[in-house]
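The lines below spell out each chain.
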Amino acid sequence: MPHAIRIDRHGGPEVLRYVELELAPPGAGEVRLRQTAVGINFADVYARTGLYPTALPAVLGQEAAGVVEALGPGVTDLALGDRVVYAGSPGAYATARNVPVDVIVKIPDGVDDETAAAMMLKGTTAEYLLLRTYPVRAGETIVFHSAAGGVGSIACQWARHLGAVVIGTVGSEEKVALARANGCEHVVVLGRDDLAARVREITGGRGVPVVYDAVGRDTFEASLDCLSPRGTMVSYGNASGPVPPVLPLKLTEKGSLFLTRPSRKHYTLTRAETVASAAALFDVVARGAVRVDVRQRYPLADAARAHAELEGRRTTGASVLLPGAP
Ligand SMILES: NC(=O)c1ccc[n+]([C@@H]2O[C@H](COP(=O)([O-])OP(=O)(O)OC[C@H]3O[C@@H](n4cnc5c(N)ncnc54)[C@H](OP(=O)(O)O)[C@@H]3O)[C@@H](O)[C@H]2O)c1
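Residues numbered from 1 in each chain as written. Predicted model: local features only at pLDDT ≥ 70, side-chain atom pairs only at ≥ 80, totals over all residues. Heavy atoms only, no water.

A. Up close: the site of the ligand. Around the ligand lies a shell of 27 residues, among which Tyr128, Val151, Gly171, Lys175 and Arg264 are the nearest. The separation between an oxygen atom of the ligand and a polar main-chain atom of Val151 is 2.8 Å. The separation between a nitrogen atom of the ligand and a polar main-chain atom of Pro262 is 3.0 Å. Here the ligand has 910 Å² of accessible area as a free molecule, and 92% of this is covered by the chains. Here the shell around the ligand gets three residues from one element, more than from any other, and that element is helix H2 (residues 113–133). Tallied by class, residues from the shell around the ligand come to 12 nonpolar, 10 polar and five charged. Looking at which domains feed residues into the shell around the ligand, each of domain 1 (3–120 + 293–322) and domain 2 (138–261) gives three or more. (Near = heavy atom within 4 Å. Polar contact = N/O pair within 3.5 Å; in protein donor to acceptor, adjacent residues only side chain to side chain. Areas by Shrake-Rupley, 256 points an atom, 1.4 Å probe, with all protein chains shown as cover. Helix = DSSP H or I, 4+ residues; strand = E, 2+ residues; numbered from the N terminus. Nonpolar A, V, L, I, M, F, W, Y, C, P; charged D, E, K, R; others polar. Domains from an automatic or database assignment.)

What follows is the structure, encoded as structure tokens:
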């Protein structure tokens, strides 16, 4: 019988329960996966707390790697035994499950399952942010928050590979070295340094053309103050809480700024977009331009501990849950 991490109510990590689940045969356009590694994402915390609308009861999680064990009607482009990874399909914290083929891609040779599960959602997020939301150009100086985190670790390396000078932020001194290893030429420690002042100093007063900010409430204002006129504020998450309402006039006052609040799901609307985004990610990883570090591993049943560490800012890089671990 498959096992999963389910919530029956919203709340802290204690609401995560390890339960047995019935699993129906895969439906049309679905495959059944035996999951080998499950990616942990901050969005799983929002689903748990209820910040992101989530119907209950719910199996948490959005991404995992695994092996195809059964094919539903109409599935022709995957075969039994294929090693695959997916993101953006709720219900991933499980030992086995059915997944629509639309969100699945094959794992390239040379990439292990843990790494695939660690990078699919975070890395394709980095792809759309850097290449499609605000396309970063060589020579630009940019700000990327949470430079030692899951998305940030991948995105900062990728931005550097694109030729950008990256100003990364971290929450503590201990994370500075990792942010530097991720390609940040400058690292700002939130709570210690004045972000906007440092950015003005580094850019000779000009500010930056783009800030990527998923910290949310705590950094939103300071991030706006880092931007040059007509700069783009990419507010793509809320680790410290949701950003309060913003008056359009504020964007005028701060320099005719652009503000976007993107979500990965709107940049992977079709199978073709998902495949192209993953291909771009696999390419930079294969060429060694982006290194993906699984820095925390937990048995699936220990998901509550994983959530407490992620929310407590005690993790770096990516974290995975291992369904096969005792
Ligand atoms: N919109 C999208 O399409 C999309 C897709 C994927 C992820 N995201 C967002 O991107 C962000 C990163 O996701 P992730 O899964 O890779 O997580 P993560 O970066 O590994 O973890 C979140 C990081 O946020 C920072 N943080 C700052 N203030 C915080 C606070 N008050 N509480 C907790 N953390 C705080 C911490 O880094 P420091 O301690 O170094 O500050 C923490 O490590 C999340 O906000 C997530 O929702 C958005």
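B. Looking closely at the side chain of Asp44. Residue position: Asp44 is located in helix H1 (residues 42–49). As a buried residue without a salt bridge, Asp44 has its nearest oppositely charged side chain in Lys122, at a separation of 7.2 Å. Setting aside chain neighbours within four positions, we find Asp44 in contact with Gly39, Leu60, Gly61, Gln62, Tyr93 and His307. (Buried < 20%, exposed > 50% of the residue type's maximum accessible area, 1.4 Å probe, protein only. Lys, Arg positive; Asp, Glu negative; His and termini not counted. Salt bridge = Lys/Arg side-chain N within 4 Å of Asp/Glu carboxyl O. Contact = heavy atoms within 4.5 Å.)

C. Representation of the pattern of salt bridges within the structure. For the coordinates displayed, the defined rule picks out 24 salt bridges. Across the pair Glu173 and Arg192 runs a salt bridge whose closest N-O atoms are separated by 2.3 Å. On the criterion of sequence distance, the pair formed by Glu173 in the loop between strand S10 (165–170) and helix H4 (176–181) and Arg192 in the loop between strand S11 (184–189) and helix H5 (195–202) is long-range, its members being 19 residues apart. Judged by relative accessible area, Glu173 falls into the partly exposed class, the value being 44%. Among the ionic pairs, Glu221 bridges to Lys250, the shortest N-O distance being 2.2 Å. Residue Glu221 is located in helix H6 (residues 220–224), and its partner Lys250 is located in helix H7 (residues 248–253); the two are separated by 29 residues in the primary sequence.

D. Highlighting the nonpolar core. In terms of nonpolar packing, the biggest core is built from 55 residues, with Phe144 and Tyr212 touching the most fellow members. A domain split of this core shows at least three residues from each of domain 1 (3–120 + 293–322) and domain 2 (138–261). Among all residues touching Phe144, those that are not within four sequence positions of it are Leu129, Leu130, Val151, Gly152, Ala155, Cys156, Val166, Ile167, Gly168, Thr169, Tyr212 and Tyr236. (Core = buried A, V, L, I, M, F, W, Y, C linked by side-chain atoms within 4.5 Å.)

E. The sheet that holds strand S13 (residues 227–235), seen in detail. Here we have six strands laid out as an open sheet, ordered S11-S10-S9-S12-S13-S14, and parallel in their pairing. Here the strands that pair on one side only, and so sit at the sheet edges, are S11 and strand S14 (258–260). Averaged over all neighbouring strand pairs, the angle between strand axes comes to 15°, with direction disregarded. Two elements, S13 and S14, share three bridges in a ladder whose sense is parallel. Considered in S14, the bridge of Met233 is made with Leu259. Sheet strands in contact with helix H3 (residues 150–161) are strand S9 (141–144), S10 and S11, and its direction is about 175° off that of S9. (Pairing = 2+ DSSP bridges. Axes fitted to C-alpha atoms, helices over the stretch in contact; angles between N-to-C directions.)

F. The arrangement of helix H9 (residues 303–311) in detail. Those residues of H9 that fall on the buried side of the exposure criterion are Ala303, Ala306, His307 and Leu310. Projection of H9 onto a plane perpendicular to its axis shows the buried side chains occupying an angular sector of 100°, all on one side. Summarising the contacts, the buried residues of H9 are in contact with strand S1 (3–7), H1, strand S15 (294–299) and strand S16 (318–322). After H9 finishes, the residue Arg313 shows a positive phi value of roughly 60°. (Arc of directions from axis to C-beta.)

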